[in-house]
Each structure stands twice: as structure tokens, then as C-alpha cells.
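# A closer look at the structure
Chain by chain, the residues:
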Amino acid sequence: MQTPHILILGGTTEARRLAAALAERPGVRVTTSLAGRVSRPGAVDGEVRVGGFGGVEGLAAWLGEQRVTALVDATHPFAAGITANAAEAAALTGVPLTVLRRPGWQPVPGDRWHPVDSLDAAARALPPLGRRVFLTTGRLGLAAFAHLTDTHFVMRSVEPPEPPLPPRLDVLLARGPFTVADETALLREHRIDVLVTKDSGGEATAAKLTAARELGLPVVVVRRPPLPDSVTPVPDTAGVLERLGLSPR
């Protein structure tokens, strides 16, 4: 009987939790693949590989060479390219795919959300909303805002961003999670009048939304890209274990 080998496309908190749950199970081999964009990723249980696969064909070849029995895409909700490649590679190889996606955020009374479909649309929405922006869309997407010369940006990242960058940008190097008190203090200290974020979902980065609501600030929210038509996501580790035929412990 073939030893179960589960490949997790990781990089998220959910991926680490899933790897830990699977690594506890005797007779199950678990490998987490990290893209390598962060030089000091958090600890991950089980085997770890770093770097891309070389597109759909490379991933499909790796699945076959390593005798992977199940593929779990637990990447960031905005990693649309990786998710598309995973769906194609799974279809080519017959390896079952499960997509783990934490639920998106939902507005509550008091929120002043301005939903948009892209970072470019977020940049277009900013001028009427404010001149001092807390930008929390990640260090790799700042080019969309580089032309806004009259806007002062504050962004927070684990590692320094790469150009092109907005000309008026303060970079705060820090690793979360952050509390509502932390986020409120930051917004006040930097005199922020508008927040920009992606709909990443989850509790780890939701405190900024609460802080913005309590301060009455508008929030530009970039919607998630759609999933492939063949994919029905599950919201948590328990859902993945059920899909894999492994009962939660």
C-alpha cells in the first residue's frame, strides 16, 4: 500500500497549522512548498522545499516523481497564479486537489468600505479619500501606487519592499500579529486618513479594520481574485482533513 504523501503549497498560517496536524500522524509524509519570497519564514513541521516548480508542467512532474497522493493549496487568497497552476497540475496527474481558503472579511455597521477589484483600482480610488494612506497590500504590489506623487504612504512589511515605489513612502519593518491598540496607535501617530488592504481574511490581520472603524476612517478593500471553476474551497484544517479522509484529532 502506498504511503500517503501530501504536498502543501504553503506560506500561510493555515498551511503551517495543517502541516503540524498531518505531521503528527504516523505513516503520513507531508511536504510544504514555500515560494521563497520571505528570507526568514516561520517554522514548519514535516519536510520543506523552497522555490517554484516551473509552472504547471514542473509541478505535475514533481507530483509524479515524489509520488504525491494529495495536493493542498493553502497559499494566500491572492496567489491566483499558483492556484491556477495547482488546479491544472492536479487535472493532468489525477492527484486530488483541496484548496484551503480562510473566509474573507465581511463589513459590519460602522465600516466605511470602498471595494475594488485590483491594486490599480485602489490607487484610482485614493485621491478623493485622503492624502495619508496606511498601505497594507504587501511589499510586492507597490508599483500600482508609484505614480501618486501627492499622497504620503505608510506601509508595514517583514522585509523591505522593492522598487518602483511611491516617492513619499515610510516603511515600517515589523512582524505581526498586531492588536487593535497597536493599530489605533499607528493610525493616530502617522495621521492616517485612509486604509488600503486586500481581503486576506482571518483574525491575524483584522485588527486594522477594527481600528479604522473606531476612528471613522475609510477603507479601500481589494476583492479576492476568483478561484478556478473546478475548485470548491474548504475554510479550515478540519475541512482539509475531511477531504483527505482523515478524521480530526
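Everything discussed here concerns the structure shown above.
Quick summary incoming for the structure in this document. Predicted model, so just to flag it, every value in this text is computed and none were measured.

Below, the discussion takes up the nonpolar core. If you look at the biggest cluster of nonpolar residues, it comprises 20 residues, and the most contacted ones within it are Ala122, Leu126, Leu135, Phe145, Phe153, Val196 and Val220. Sorting the residues of this core by element identifies α4 (119-125), β7 (132-136), β8 (152-157), β10 (194-198) and β11 (218-222) as the ones contributing at least two each. If one sorts the elements of this core by residue count, α4 sits on top with four residues. Setting aside chain neighbours within four positions, we find Leu135 in contact with Leu142, Phe145, Phe153, Val154, Met155, Arg156 and Val196.

With that out of the way, let us pick up the environment of Gln66. Turning to its location among the elements, Gln66 is positioned in the loop between α2 (55-65) and β4 (70-73). Of the residues examined, Gln66 reaches a relative accessible area of 26% and is grouped as partly exposed. Sequence-wise, Gln66 and His5 are 61 residues apart; in three dimensions their C-alpha atoms are separated by 8.1 Å. With near-sequence residues (within four places) excluded, Gln66 lies in contact with His5 and Arg29. For Gln66, the side chain forms a polar contact with the side chain of Arg29, separated by 3.2 Å.

A word on the packing of aromatic side chains. Under the counting rule described, the total for this entry stands at two aromatic pairs. On the basis of an interplanar angle of 70 degrees and a centroid distance of 5.7 Å, the ring pair of Phe53 and Trp62 is categorised as edge-to-face. Considered together, Phe53 and Trp62 belong to a single accessibility category, that of buried residues. Seen from their ring centres, Phe145 and Phe153 are 5.7 Å apart, and the 65 degrees between their planes marks the pair as edge-to-face.

Moving on, we get to the sheet that holds β8. Here six strands make up an open sheet; going across it, the order is β6-β11-β10-β7-β8-β9 and the pairing parallel. Of all the strands in the sheet, just β6 (112-116) and β9 (169-173) have a single pairing partner and so form its edges. Across the sheet, the axes of successive neighbouring strands diverge by a mean angle of 20 degrees, strand direction being ignored. By the bridge criterion, four bridges tie β7 to β8 in an arrangement that is parallel.

Now for unusual backbone geometry. Look at the link from Pro163 to Pro164: it is a cis peptide, with omega at 5 degrees. The residue Pro164 is located in the loop between β8 and β9 in this model. A cis geometry characterises the amide bond from Gly176 onward to Pro177, with omega recorded as 5 degrees. Turning to its location among the elements, Pro177 is positioned in the loop between β9 and α5 (180-189). The phi torsion at Arg67 lies on the positive side, around 55 degrees, for a residue other than glycine. Overall, the relative accessible area of 56% leaves Arg67 in the exposed class. Even without being glycine, Arg191 reaches a positive phi, approximately 55 degrees. As for its position among the elements, Arg191 is in the loop between α5 and β10. Arg191 sits in the exposed class, given a relative accessible area of 57%.

Before going further, it helps to examine the pattern of salt bridges. Under the definition given, this model contains eight salt bridges. Between Glu47 and Arg29 there is a salt bridge, and its shortest N-O distance comes to 2.9 Å. Note that Glu47 is positioned in strand β3 (residues 47-50) and Arg29 in strand β2 (residues 29-34), a separation of 18 residues in sequence. Between Asp199 and Arg224 there is a salt bridge, with the nearest N and O atoms lying 4.0 Å from each other. With Asp199 in the loop between β10 and α6 (207-215) and Arg224 in the loop between β11 and α7 (237-243), this residue pair connects regions lying 25 residues apart in the sequence.

Turning next to the sheet that holds strand β5 (residues 97-99). Read from one edge to the other, the open sheet built from five strands follows the order β3-β2-β1-β4-β5, with strand pairing classed as parallel. Sheet topology places β3 and β5 at the edges, where each strand pairs with a single neighbour. Here the strands of the sheet are splayed against their neighbours by 20 degrees on average, with no regard to which way each runs. In terms of strand pairing, strand β1 (residues 5-9) meets β4 through four bridges, oriented parallel. Residue pairing across strands places Leu9 opposite Asp73, the latter belonging to β4. Helix α1 (residues 13-23) contacts β1, β2 and β4 of the sheet and is inclined by roughly 165 degrees relative to β1. Packed on one face of the sheet, α2 meets β1, β2, β3 and β4 and runs near 155 degrees to β1.

Criteria and cut-off values
- Residues numbered from 1 in each chain as written.
- Predicted model: local features only at pLDDT ≥ 70, side-chain atom pairs only at ≥ 80, totals over all residues.
- Heavy atoms only, no water.
- Core = buried A, V, L, I, M, F, W, Y, C linked by side-chain atoms within 4.5 Å.
- Buried < 20%, exposed > 50% of the residue type's maximum accessible area, 1.4 Å probe, protein only.
- Helix = DSSP H or I, 4+ residues; strand = E, 2+ residues; numbered from the N terminus.
- Contact = heavy atoms within 4.5 Å.
- Polar contact = N/O pair within 3.5 Å; in protein donor to acceptor, adjacent residues only side chain to side chain.
- Phe/Tyr/Trp six-rings, centres within 6.5 Å; stacked < 30°, edge-to-face > 60°.
- Pairing = 2+ DSSP bridges.
- Axes fitted to C-alpha atoms, helices over the stretch in contact; angles between N-to-C directions.
- Salt bridge = Lys/Arg side-chain N within 4 Å of Asp/Glu carboxyl O.

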